Amino acid sequence: MTLPAPSSSTPPRGHAFLELGERLRRRGQLDAAATVTAAGLVHYPDLAAAHDLLGRIRADQHDDVAATSAWNVALECDHGHVGARKGLAFLAFRIGDIAAAERHLESAVLAAPHDPEITSALDRVRGSIAASSTGPVLLDDPSGGIMVFDRDGMRLIGGVGPDASDAVADAVAAECAAVVREAARTTRLLHLGTWHQVIVEGPDARSALFPVSDDAALLLVRGATTPVGRVVAAGHRATATAREWLARMT
């Protein structure tokens, strides 16, 4: 499941740079679109529609940090700006923060209750939350695609799928421990705080790593077509179960 990318709205009369910037964006001339939009913002710094357009351009450039900043400024200019809410929901869902996506879409629905695109997106997000919250989490089933391992790379419980042997799972645990150590080192060096998740998308599977404790982490493996938001939601549930399991083991 994916959320539709944020779409544009009709530019205010008299602000021709918005129309030009949007036209350039649709043509894929993203640098030119950003230049035009930034120039317009020099003259209209409080125009929410311009910040919204810049957010969409940055999202197209896969600069999520700049897109988030632009959409947040748009909301400072106009708290009820629907485009900014949709954009922030789109980014949140793309990184797997479906709770934040739901919050932004709920705000967008309040501002535009009759917009079918927004209500449909909200329904899909809520459906993803519901789908990921059903059924028990089984840590002791090696075929379930959930594995807990310690910081030294020793598999503690679980496995990586029905077709993987214990030897393969043990090897994966060792590799994942190295990834976890690197994630912790990078966030520490960049002063980003504690790492929360690492997501790897491959042609055959989507995998996600989550911290369970200071000494352990969890790997969750799902099919390549599984939405990222659902992978993250399932990983959060599995992590909570893993923490309870570790507490019982100590």
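Residues numbered from 1 in each chain as written. Predicted model: local features only at pLDDT ≥ 70, side-chain atom pairs only at ≥ 80, totals over all residues. Heavy atoms only, no water.

### Looking at unusual backbone geometry
The phi angle at His62 is positive, at roughly 60°, despite the residue not being glycine. Mapped onto the elements of the fold, His62 is located in the loop between helix 3 (48–60) and helix 4 (64–77). (Helix = DSSP H or I, 4+ residues; strand = E, 2+ residues; numbered from the N terminus.)

### As for the pattern of salt bridges
Enumeration over the complete set of coordinates arrives at 13 salt bridges. Here Asp166 makes a salt bridge to Arg155, at a shortest N to O gap of 3.6 Å. Pair noted here: Asp166 is in helix 8 (residues 166–189) and Arg155 is in strand 2 (residues 155–158), with a separation of 11 residues, a long-range link. Close ionic contact of Glu182 with Arg185 constitutes a salt bridge, the shortest N to O distance being 2.8 Å. Placement of the pair is Glu182 and Arg185 together in helix 8, with a separation of three residues, close to one helical turn. Its relative accessible area of 37% is what places Glu182 among the partly exposed residues. (Salt bridge = Lys/Arg side-chain N within 4 Å of Asp/Glu carboxyl O. Buried < 20%, exposed > 50% of the residue type's maximum accessible area, 1.4 Å probe, protein only.)

### Some thoughts on the packing of helix 4 against helix 5 (residues 82–94)
Running from amino to carboxyl end, helix 4 crosses helix 5 at an angle of 150°, the nearest separation of the two axes being 9 Å. It follows from the interaxial angle that helix 4 and helix 5 lie roughly antiparallel. Pair helix 4 / helix 5 crosses with left-handed handedness. Of the residues in helix 5, those in contact with Asp64, Ala67, Thr68, Trp71, Asn72, Ala74 and Leu75 of helix 4 are Gly83, Ala84, Arg85, Gly87, Leu88, Leu91 and Arg94. Of the residues in the contact of helix 4 with helix 5, the class split is seven nonpolar, four polar and three charged. (Axes fitted to C-alpha atoms, helices over the stretch in contact; angles between N-to-C directions. Parallel < 35°, antiparallel > 145°, perpendicular 65-115°, else oblique. Left-handed = near helix turned anticlockwise from the far one by under 90°. Contact = heavy atoms within 4.5 Å. Nonpolar A, V, L, I, M, F, W, Y, C, P; charged D, E, K, R; others polar.)

### Let's talk about the layout of surface pockets
Space inside the largest pocket adds up to approximately 320 Å³. In this structure, the largest pocket is lined by 19 residues; those nearest its centre are Val180, Ala184, Trp195, Ser213 and Asp214. Broken down by secondary-structure element, the contributors of at least two residues to the lining of the largest pocket are strand 1 (146–150), helix 8 and strand 5 (216–223). Per element, the largest residue contribution to the lining of the largest pocket is six residues, and it comes from helix 8. Here the lining of the largest pocket is built from residues that sort into nine nonpolar, four polar and six charged. (1 Å grid on protein atoms, 1.4 Å probe; cavity = no way out; pocket = protein on both sides within 12 Å on 5 of 7 lines; lining within 4 Å. Points joined across faces, edges and corners; volume = space filled by probe spheres on them.)

### Here's the deal with the sheet that holds strand 3 (residues 198–201)
Taking strand neighbours across the sheet as the criterion, the five strands line up as 2-1-5-4-3 in an open arrangement whose pairing is antiparallel. Unpaired on one side and paired on the other, strand 2 and strand 3 mark the two borders of the sheet. With direction set aside, neighbouring strand axes in the sheet form an average angle of 15°. Note that strand 3 and strand 4 (residues 205–211) share four bridges and pair antiparallel. Along strand 4, the bridge assignment pairs Glu201 with Arg206. (Pairing = 2+ DSSP bridges.)

### As for the packing of aromatic side chains
We describe a pair of aromatic rings using the distance from one ring centre to the other and the angle between the two ring planes. Enumeration over the complete set of coordinates arrives at one aromatic pair. The interplanar angle of 10° and the centroid separation of 6.0 Å between the aromatic rings of Phe17 and Tyr44 together place this pair among those described as stacked. With Phe17 in helix 1 (residues 16–26) and Tyr44 in the loop between helix 2 (30–43) and helix 3, the pair connects residues that are 27 residues apart, well separated along the chain. When its relative accessible area of 37% is taken as the criterion, Tyr44 is described as partly exposed. (Phe/Tyr/Trp six-rings, centres within 6.5 Å; stacked < 30°, edge-to-face > 60°.)

### Looking at the pairing of strand 5
With six of its eight residues buried, strand 5 lies for the most part within the structure. Direction of pairing for strand 1 relative to strand 5: antiparallel, over a ladder of five bridges. Paired with Ile146 across the two strands is Leu220, which belongs to strand 5. Direction of pairing for strand 4 relative to strand 5: antiparallel, over a ladder of seven bridges. The residue bridging Leu209 from the neighbouring strand is Leu219, located in strand 5. Between strand 4 and strand 5, which follow one another and run antiparallel, lie four residues.

### So, the nonpolar core
Counting 19 residues, the largest nonpolar core has Leu139, Ile146, Val148, Leu218 and Leu220 as its most contacted members. Mapped onto this core, the elements with two or more residues apiece are strand 1, strand 4, strand 5 and helix 9 (228–249). Per element, the largest residue contribution to this core is eight residues, and it comes from helix 9. Ignoring anything within four residues of it in the chain, the contact list for Leu220 reads Gly145, Ile146, Arg206, Ser207, Ala208, Phe210, Val231, Ala234, Gly235 and Ala238. (Core = buried A, V, L, I, M, F, W, Y, C linked by side-chain atoms within 4.5 Å.)

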